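Architecture at a glance
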Amino acid sequence: MELPIDYMTLRVIWWGLVGVLLIGFAIMDGFDMGVAALLPFVAKNDSERRAVINTVGATWEGNQVWFILGGGAVFAAWPFVYAVSFSGFYLAMFLVLTALILRPVGFKYRSKRPGKAWRRNWDWALFAGGFIPALVFGVAMGNVLQGAPFSFDSDLRATYHDMFLGGLLGLFTPFTLLCGLVSAAMLVLQGSTWLGLKLEKGIVRDRALRFGFFAALAVIVLFAAGYVFVRFSGLGFSVVDAVNPAGASNPTRAEVVPMAGAWLANYSKYPWMWAAPALGFVGPVVAIFGQRLRSDWLAFGGSSLAIVGIIGTVGCSMFPIILPSTVDKHSSLLVWTASSSHLTLFIMLLVTLVFLPIVLFYTAWVYKVLFGRISAEQLKTNPDLY
């Protein structure tokens with residue numbers, strides 16, 4: 001049966017859709033992580049911390065749907081990517097999941113006892129549940145840009161070679177730490193702008209906006225440092241020979257080699273891609289102006305644009321490579337070599353076109369119904385608040 005959309009186009013569509021899901025997760029669950037990371041610093045007493053927690057209390061569970069959708073999409077659309085990344089980066093995934101588990105437990109148990117030590121310990125657990133994933137997600141992205149030491153045998157079984165020498169700490173190189181700090185600053189900015197939207201005007205909101213200002217500056221400086229590192233460190237990979245975009249999914253049919261400056265080559269080939277890094281720099285500036293003008297929605301919009309730009313920059317820089325191998329030039333994963341079958345991608349697209357609008361509509365409706373600023377009076381009168 002001839003499908004109405006060709007294989008190459010479907011592969012590009014699903015590459016873009018996975019990027020959209022990652023961006024959706026970073027925007028929606030990103031402010032949850034940013035709020036948790038800011039909790040011990042913007043709120044000084046129990047009532048202030050309860051107010052901060054309840055800015056995300058009604059919606060944090062729904063926001064994690066984006067994380068599940070992203071993982072499910074990678075599993076179904078890019079099985080080779082799922083197999084290699086989730087097995088090779090197992091320790092990082094375990095660390096992230098452990099930190100994420102702290103968040104619901106912290107929300108549910110923090111207010112079960114009135115003791116100061118009890119609540120303070122859960123506050124720091126919530127901080128860990130926000131900051132650690134924000135940092136590790138960036139570190140993981142840095143490792144993707146650096147490449148991973150894996151290869152495929154003749155049966156397409158993936159093998160890692162001396163992966164993560166030094167254990168989990170082997171993931172943390174100067175460049176990946178820089179990427180982790182970009183991610184952490186980006187999500188702290190997102191969290192601060194969310195607090196600006198959700199908290200009643202007062203000292204806690206003012207503290208959050210001050211942290212947001214410095215987080216925005218950090219995003220600009222660290223993102224620029226990332227460009228300098230990529231530009232002058234020799235980091236990059238390039239596809240040597242032309243690959244049939246509609247060929248069979250087999251990672252061994254492409255040849256990818258390290259090449260200095262290759263991660264910047266697409267911007268000369270496709271000038272429109274400069275929009276991504278431009279948004280990465282413009283977004284934090286817009287967020288700063290929004291905070292200075294006391295326009296909370298402008299600040300939140302600018303922070304969200306920064307997320308779109310920074311994640312989009314990684315995707316645009318690497319295309320069509322998804323995960324390069326550092327040990328075998330015939331094992332790197334490309335958009336053209338690592339996807340599911342033509343029919344699978346088409347059926348998944350039909351399902352997505354039906355259900356994604358429903359998810360978006362329902363999410364928008366939930367936020368509309370639950371939206372409103374958190375006040376000290378609500379903490380005294382509403383028994384459903386954390």
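Structure: see above.
1. Comments concerning helix α1 (residues 7-42)
Along its 36 residues, α1 runs 50 Å from first to last C-alpha, staying within 8% of the 52 Å computed at 1.5 Å per residue. At G30, α1 is bent by approximately 40°, the largest bend along its length. With respect to burial, α1 is a largely interior element, 26 of its 36 residues being buried.

2. Regarding the pattern of salt bridges
Taken as a whole and assessed by the stated rule, the structure comprises 12 salt bridges. With a closest N to O distance of 3.8 Å, R294 and D206 form a salt bridge. In this pair, R294 sits in the loop between α11 (275-292) and α12 (296-318) while D206 sits in helix α9 (residues 203-232), placing the two residues 88 residues apart along the sequence. One network of salt bridges, in which partners are shared, links D46, R49, R110, R119 and D123.

3. Some remarks on the side chain of S317
By secondary structure assignment, the location of S317 is in helix α12. Using a relative accessible area of 9% as the deciding quantity, one classes S317 as buried. Excluding anything up to four places from it in sequence, S317 contacts A262, W263, N266 and Y267.

4. Re the layout of surface pockets
Its volume calculated, the second largest pocket comes out at about 450 Å³. In terms of lining, the second largest pocket is formed by 22 residues, of which the most central are V239, N266, K269, F319 and P320. At the level of elements, α1, β3 (237-239), α10 (265-269) and α12 are the ones that each hand at least two residues to the lining of the second largest pocket. Classifying every residue of the lining of the second largest pocket gives 17 nonpolar, 3 polar and 2 charged.

5. Digging into the packing of α1 against α9
Between α1 and α9, the least distance of the axes is 10 Å, while the angle of their chain directions is 120°. Comparing the axis directions of α1 and α9 gives the class oblique. The two elements α1 and α9 meet at a crossing, and its hand is right-handed. Across the interface between the two elements, L38, F41 and V42 of α1 pack against V204, R207, A208 and F211 of α9.

Definitions and cut-offs
Residue positions are counted from 1 within each chain, in the order its sequence is given. With the structure being a predicted model, the display of local features is reserved for residues of pLDDT at least 70 and the display and counting of side-chain atom pairs for 80 or more, all residues being used for whole-chain, interface and lining totals. Side-chain descriptors were evaluated using all non-hydrogen atoms of the structure, hydrogens and water having been removed beforehand. Helix and strand assignments come from DSSP, with helices taken as H or I runs of at least 4 residues and strands as E runs of at least 2, each series counted from the N terminus. Take the residue count of a helix, subtract one, and multiply by 1.5 Å to get its expected span. Think of it this way: the bend at a residue is just the angle between two axes, each fitted to seven residues, one set ending at that residue and the other starting at it. Burial classes: relative accessible area under 20% of the type maximum marks a residue as buried, over 50% as exposed, and values in between as partly exposed (1.4 Å probe, protein chains only). Think of a salt bridge as a Lys or Arg side-chain nitrogen and an Asp or Glu carboxyl oxygen that are within 4 Å of each other. It only takes one pair of heavy atoms within 4.5 Å for two residues to be counted as in contact. Only protein atoms enter the 1 Å grid, on which a cavity is a set of points fitting a 1.4 Å probe that cannot get out and a pocket is an open set with protein on both sides within 12 Å along at least 5 of 7 lines, lining residues being those with an atom within 4 Å of a point. Grid points are joined across faces, edges and corners, and a volume is the space filled by probe spheres set on the points. Each residue gets one label: Ala, Val, Leu, Ile, Met, Phe, Trp, Tyr, Cys and Pro are nonpolar, Asp, Glu, Lys and Arg are charged, and the others, such as Gly, are polar. Angles shown run from 0 to 180 degrees and are taken between the N-to-C directions of axes, each axis being a line fitted to C-alpha atoms and, for helices, limited to the stretch in contact. Comment on the angle field: the value is read as roughly parallel under 35 degrees, roughly antiparallel over 145, roughly perpendicular from 65 to 115, and oblique elsewhere. For a crossing to be left-handed, the near helix must be turned anticlockwise from the far one by less than a right angle; the clockwise case is right-handed.

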